[in-house]
There are 2 protein chains.
Amino acid sequence: MGQSITFHKADQLKAKPDAGQLGFGKYFTDYMFEMDYSAEEGWHDPRIVPYGPISLDPAATIFHYGQEVFEGLKAYRTEDGRILLFRPDKNMERMNQSCARLNIPEIDEKFVIKAIKKLVAVEKDWIPSQSGQSLYIRPFIIGTDPALGVHPSNTYKLLIILSPVGSYFGNSIHPVKIYVEDEFVRAVKGGVGYAKTSGNYAASLKAQTKSEELGFDQVLWLDGVEHKYIEEVGSMNIFFKIEDEVWTPALNGSILPGVTRNSVIGLLKHWGITVKEKKISVRKLFKKAEKQKLLEVFGTGTAAVISPVGFLKWEDKVIKVGNGEIGELSQKLYDTLTGIQTGKSEDQLGWTQEVKIEKEEVKEKAVDKAEEKAEKKPAVTE
Amino acid sequence: MGQSITFHKADQLKAKPDAGQLGFGKYFTDYMFEMDYSAEEGWHDPRIVPYGPISLDPAATIFHYGQEVFEGLKAYRTEDGRILLFRPDKNMERMNQSCARLNIPEIDEKFVIKAIKKLVAVEKDWIPSQSGQSLYIRPFIIGTDPALGVHPSNTYKLLIILSPVGSYFGNSIHPVKIYVEDEFVRAVKGGVGYAKTSGNYAASLKAQTKSEELGFDQVLWLDGVEHKYIEEVGSMNIFFKIEDEVWTPALNGSILPGVTRNSVIGLLKHWGITVKEKKISVRKLFKKAEKQKLLEVFGTGTAAVISPVGFLKWEDKVIKVGNGEIGELSQKLYDTLTGIQTGKSEDQLGWTQEVKIEKEEVKEKAVDKAEEKAEKKPAVTE
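The rules we used
- Residues numbered from 1 in each chain as written.
- Chains lettered and ligands numbered in written order.
- Predicted model: local features only at pLDDT ≥ 70, side-chain atom pairs only at ≥ 80, totals over all residues.
- Heavy atoms only, no water.
- 1 Å grid on protein atoms, 1.4 Å probe; cavity = no way out; pocket = protein on both sides within 12 Å on 5 of 7 lines; lining within 4 Å.
- Points joined across faces, edges and corners; volume = space filled by probe spheres on them.
- Helix = DSSP H or I, 4+ residues; strand = E, 2+ residues; numbered from the N terminus.
- Nonpolar A, V, L, I, M, F, W, Y, C, P; charged D, E, K, R; others polar.
- Expected span 1.5 Å × (residues − 1).
- Bend = angle between axes of the 7 residues up to and from the residue.
- Buried < 20%, exposed > 50% of the residue type's maximum accessible area, 1.4 Å probe, protein only.
- Contact = heavy atoms within 4.5 Å.
- Domains from an automatic or database assignment.
- Buried area = accessible area lost by both parts, 1.4 Å probe.
- Salt bridge = Lys/Arg side-chain N within 4 Å of Asp/Glu carboxyl O.
- Phe/Tyr/Trp six-rings, centres within 6.5 Å; stacked < 30°, edge-to-face > 60°.
- Axes fitted to C-alpha atoms, helices over the stretch in contact; angles between N-to-C directions.
- Parallel < 35°, antiparallel > 145°, perpendicular 65-115°, else oblique.

(A) Up close: empty space enclosed by the protein. Counted under the stated rule, the structure contains six cavities of 30 Å³ or more. R186 and V192 of chain A together with R186, V192 and N200 of chain B are, among the 20 residues lining the largest cavity, the residues nearest its centre. Among the secondary structure elements, those contributing two or more residues to the lining of the largest cavity are α4 (198–213) of chain A together with α4 (198–213) of chain B. The class makeup of the residues in the lining of the largest cavity is ten nonpolar, eight polar and two charged.

(B) Representation of α4 of chain A. With 16 residues, α4 of chain A extends 23 Å between its outermost C-alpha atoms, agreeing within 8% with the 22 Å of an ideal straight helix rising 1.5 Å per residue. Its maximal kink placed at L205 of chain A, α4 of chain A deviates by approximately 35°. With twelve of 16 residues buried, α4 of chain A is to be regarded as a mostly interior element. The set of residues buried in α4 of chain A consists of S198, G199, N200, Y201, A202, A203, S204, L205, A207, Q208, K210 and S211 of chain A. Tucked into the core, α4 of chain A has its buried residues touching β5 (68–70), β10 (176–180) and β11 (218–222) of chain A together with α1 (61–65), α2 (88–101) and α4 of chain B.

(C) Focus on the domain arrangement of chain A. All names here are of chain A. Assigned domains within chain A: domain 1 (6–167 + 351–375) and domain 2 (176–341). Distance between the C-alpha centres of domain 1 and domain 2: 29 Å. Taken together, the contact pairs 23 residues of domain 1 with 21 residues of domain 2. Across the domain 1/domain 2 interface, buried area totals approximately 2,000 Å², and carbon plus sulfur atoms make up 60% of it. Counting the surface domain 1 buries against domain 2, the share from its top three residues, R94, R101 and W351, is 31%. Run the count over domain 1 and domain 2 and you get zero salt bridges. The greatest single-element share of the side of domain 1 that touches domain 2, amounting to six residues, is contributed by helix α2 (residues 88–101).

(D) Main features of the packing of aromatic side chains. Inspection of every chain in the model, using the stated rule, returns 29 aromatic pairs over all chains. Judged by centre distance (4.9 Å) and plane angle (65°), the ring pair of F24 of chain B and Y136 of chain B falls under edge-to-face. Taken together, the positions of F24 of chain B in the loop between β1 (6–7) and β2 (31–38) and Y136 of chain B in strand β8 (residues 134–143) put the pair 112 residues apart, joining distant regions of the chain. Grouped by ring-pair contacts, the aromatic residues F63 and F140 of chain A together with F63 and F140 of chain B constitute a single cluster.

(E) Quick look at the packing of helix α5 (residues 259–270) of chain A against helix α7 (residues 328–341) of chain A. All names here are of chain A. Two numbers describe how α5 lies on α7: the axes approach to 11 Å, and their chain directions differ by 110°. In terms of orientation, α5 and α7 fall into the roughly perpendicular class. Residues T260, S263, V264, L267 and L268 of α5 form the contact with α7, whose own contacting residues are L329, L333, T336, L337 and I340. Partitioned by chemical class, the residues of the contact of α5 with α7 number seven nonpolar, three polar and no charged.

Below, the structure is given as structure tokens:
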């Protein structure tokens, strides 16, 4: 798709939030990327426009039949001032897998990565630089047809919004408390569990609320068929260090194929550690723990990178992992991954992509809106 | 909730569509109902406003985590000019059940019924009057918080939109062809299958598309656990007439508790016919068919009311039901239900509610927008 990305200048820019107060997904930058789809034109009119409300017919598909996919990745600022993305190709590959499941037309993965890079370049001053901070990137696609028949939409909108985010855990990472959810189910084989789509998250809210009421941080999801096998924790993938090996549930159609999950497996193998992707029953896991063989537990995801689990409850059984402290391997994975992401460690596996700031970027931002309108054609091309 | 519903007059009204071309959910009326929720104010600012786009922050919960519930019901015009709603109390009861599952704050069921009636009264001229036509009513609630953390929204919007719809089947009802879906799963116990929420429909699109490619009209969903037991057909509930009895899958947490389903069961019992709500295996069903004991199959739902099934395929087995014609009981149910809905038959079970057109309705519609603004308070109260 050799289309030009047009740039529409904002009348004024926002004040940036206090770097110490970022939290997660609370603040958004000055611009967003937008692109439309129709059967006749395909994906068209890619543009960077001022961040602001989107206007949709109340009958739009997204409001009734939830045709949606999204992705989450981050841009990091390195100490020497470069901007890095972490494996955006994996996110775009997954986005197309999600699209296929949700009957959403395929995207041109390379083009959307280009759009992400262009948007991040425009918003480079929004990338926070303190330890653990980054610019969270949220591409998403919604069905927009104004019609109530239950069928795939004919028209779609792809948006990319950016949010400067803080460290999920402040300066250190604290192990979380989780319990095994035995009432609610997140996903089942044949459903949409492997796709990154809004319905999976809607279905998870009830259990998440319950876990907080019970004094836990997150839930550990079991499979929807037998309620025996471990799937994910909260909205992260999960890993167990059992003696010298690391186990994680095999991708089975109801588990999200996390980019961080894939990266952790890659790193462990690179280090010569045995990783087993397998069906893991919660019963077996607790037996391993009883025998003091369960040494570390951690979740993986883009938001938290590595999230150690310190406490695990299933029915009336409780496991304390690592005396409430982060394990050695979890820490090493966290340090290595964040090191690669922020350019502190060597990127031996070729996972980062640099966002180049073109000289024209400054020029582009200065293009006048009036001029754009007068010309009635894309004012700025990539 | 003793709140007043304000009325905001449209500058101009639309031309009404050709009554013969209505289809389903393609045209929308001049006005919609809107109401907002915040933790501080609860549900507030109920208003009837001109139908038009809604404007939402691109980070709104609905676009990312699918927090949504909806309902579908119809207003019918009787031959003597009255307007009837069919069991709106059941729809509102279910809406609150859906809200509870999706962590959406409860609505005041009576108040929303009042809002529906008021909106339908305003739009009375949009109710089509030909056989099989009606005004479809779509209430829905969406989470609107502009924040990307995965948690229930703090703010919501409830909307009601109206669409004049034609008969699902033209003048007669044609039996549909369905096949037993053995790859994709709609819902599973512990999930959101019993709730009317967008994610269930998003998950169903792939199988629906597949069924059309294979030359079928709809799919028959099996349970997500054993892939053995019948759940629903397409987006309808399903019934089987087996000898002198009628069977339908028991509500098990993954089946939508349809209002038409409930009404069909009520009518059958009223007529002294044995109805069994039970676990029905597809194997057993096909055995009954082999023995010529499966006499009728039909789906039930608000859109089609009764949808006879004439052809059913499972693996390499095929059942033809009733020689491709609608069965006697299916026809009687269709006639009775549509008779009650349109006021032609006596409503012995007290299922209809009349929408009264108040004399003030005319006055209300004439209230000037300028006046409203000048007064800075609700211009019209219910």
